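# Topology and contacts: notes
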Amino acid sequence: NNQSIELLNMGSSSVNMTGWQFIIYAGNGTTEKTYTFPSFTLPNGGYVVLNKGTGSNTSTNLYIGDYSTTWASNGNGAALLKTGNIGIDFVRWGSSTLMPPNVTGWSGQNPSGPASGQNLGRDPLTGDTGDGGDWSAQPPTLGTINQPIRPANDDFANNILVPGLPYSASLP
């Protein structure tokens, strides 16, 4: 069961993530897995995939060990914290009522948990607004930009922007 998390640095400079933590929460709100980053820098525009299990770390793939939570389950969450327990990012889905870490926020309705064979991904066009609507279940896009969320009644987005994915754009 290949379960992975992709982090993308959309900033204008590299980020030293040494000592940062990625936390996976179980459905009951308890911490399922805490992964502490080794000596690692994520370049601007770069990505890293956090892979379940063991393997050889590279500049784009880190292995975080085993955990029993499945991403397709309904009611989990995850958080990224920089050194000092400062929240950088947070997502919850399904029936989860997890509270976000300090400095991050959460509003709106939680996205549904992804079905088997799908990822839960952030819309690259809206960015991080701290709202559940930023996220949707989508086909896996590890190593490439996520698919934009298509509004049901937006002919422009459905017929002009989205065809021909992977979508390529100059994003802020």
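These numbers come from a predicted model, not from an experiment.

A few words on the sheet that holds strand S1 (residues 4–8). Taken in spatial order, the three strands make up an open sheet running S1-S6-S7, and their pairing is mixed. Pairing within the sheet leaves two strands with one partner each, and these edge strands are S1 and strand S7 (61–63). Each neighbouring strand pair of the sheet contributes to a mean axis angle of 20°, computed without reference to strand direction. Relative to S7, strand S6 (residues 47–51) is paired through three bridges, and the arrangement is parallel. Bridge pairing in S7 places Asn51 opposite Tyr63.

Glancing now at the packing of aromatic side chains. Under the definition given, this model contains three aromatic pairs. For the pair Tyr35 and Phe37, a centre-to-centre distance of 5.3 Å together with 70° between the ring planes defines the contact as edge-to-face. Here the two residues Tyr35 and Phe37 agree in accessibility, since each one is buried. Between Phe90 and Trp106 the ring centres are 5.6 Å apart and the planes differ by 85°, which places this aromatic pair in the edge-to-face class. Taken together, the residues span a long stretch of sequence, with Phe90 in strand S9 (residues 86–92) and Trp106 in the loop between S9 and strand S10 (119–122) at a distance of 16 residues. Both residues of the pair, Phe90 and Trp106, count as buried.

So, on to the nonpolar core. Among the nonpolar cores identified, the biggest contains 27 residues, and Ile5, Leu7, Met17, Phe22, Phe37 and Leu50 are the most heavily contacted of them. Taken together, the elements giving at least two residues each to this core come down to S1, strand S3 (21–25), S6, strand S8 (77–82) and S9. Setting aside residues no more than four positions away along its own chain, Met17 makes contact with Leu7, Phe37, Phe40, Thr41, Leu42 and Leu80.

A few words now on the environment of Ala115. Relative to the helices and strands, Ala115 is located in the loop between S9 and S10. Residue classification places Ala115 among the partly exposed residues on the basis of a relative accessible area of 44%. With 24 residues separating them along the chain, Ala115 and Pro139 place their C-alpha atoms 9.7 Å apart.

Another aspect to go through is unusual backbone geometry. One non-glycine residue with positive phi stands out, namely Asn85, at about 60°. Of note, Asn85 is situated in the loop between S8 and S9. By relative accessible area, which is 48% here, Asn85 ends up partly exposed. Although it is not a glycine, Val103 sits at a positive phi angle of roughly 75°. Locating Val103 in the fold gives a position in the loop between S9 and S10.

About the thresholds
The numbers attached to residues start from 1 for each chain and follow its sequence in the written order. Local features in this predicted model are restricted to residues of pLDDT 70 or higher, and side-chain atom pairs are both shown and tallied only at a pLDDT of 80 or more, whereas totals for entire chains, interfaces and linings draw on every residue. Computation of side-chain values covers all heavy atoms of the structure but excludes hydrogens and water. Strands are treated as partners if at least two bridges between them are detected by DSSP. The numbering of helices and of strands both runs from the N terminus, where a helix is a DSSP run of H or I of at least 4 residues and a strand a run of E of at least 2. Axis definition: a line fitted to C-alpha atoms, limited for helices to the stretch in contact. Angles are taken between N-to-C directions and run from 0 to 180 degrees. The aromatic pairing rule takes the rings of Phe, Tyr and Trp, using the six-membered ring of Trp, and pairs them if the centres are within 6.5 Å, calling planes under 30 degrees apart stacked, those over 60 edge-to-face and the rest tilted. Residue burial is assigned from relative accessible area. The probe radius is 1.4 Å, only protein chains are included, and a residue is buried under 20% of its type maximum, exposed over 50%, and partly exposed in between. Here, nonpolar core means buried Ala, Val, Leu, Ile, Met, Phe, Trp, Tyr and Cys residues that are tied together by side-chain atoms lying within 4.5 Å of each other. We call two residues in contact whenever any of their non-hydrogen atoms come within 4.5 Å of each other.

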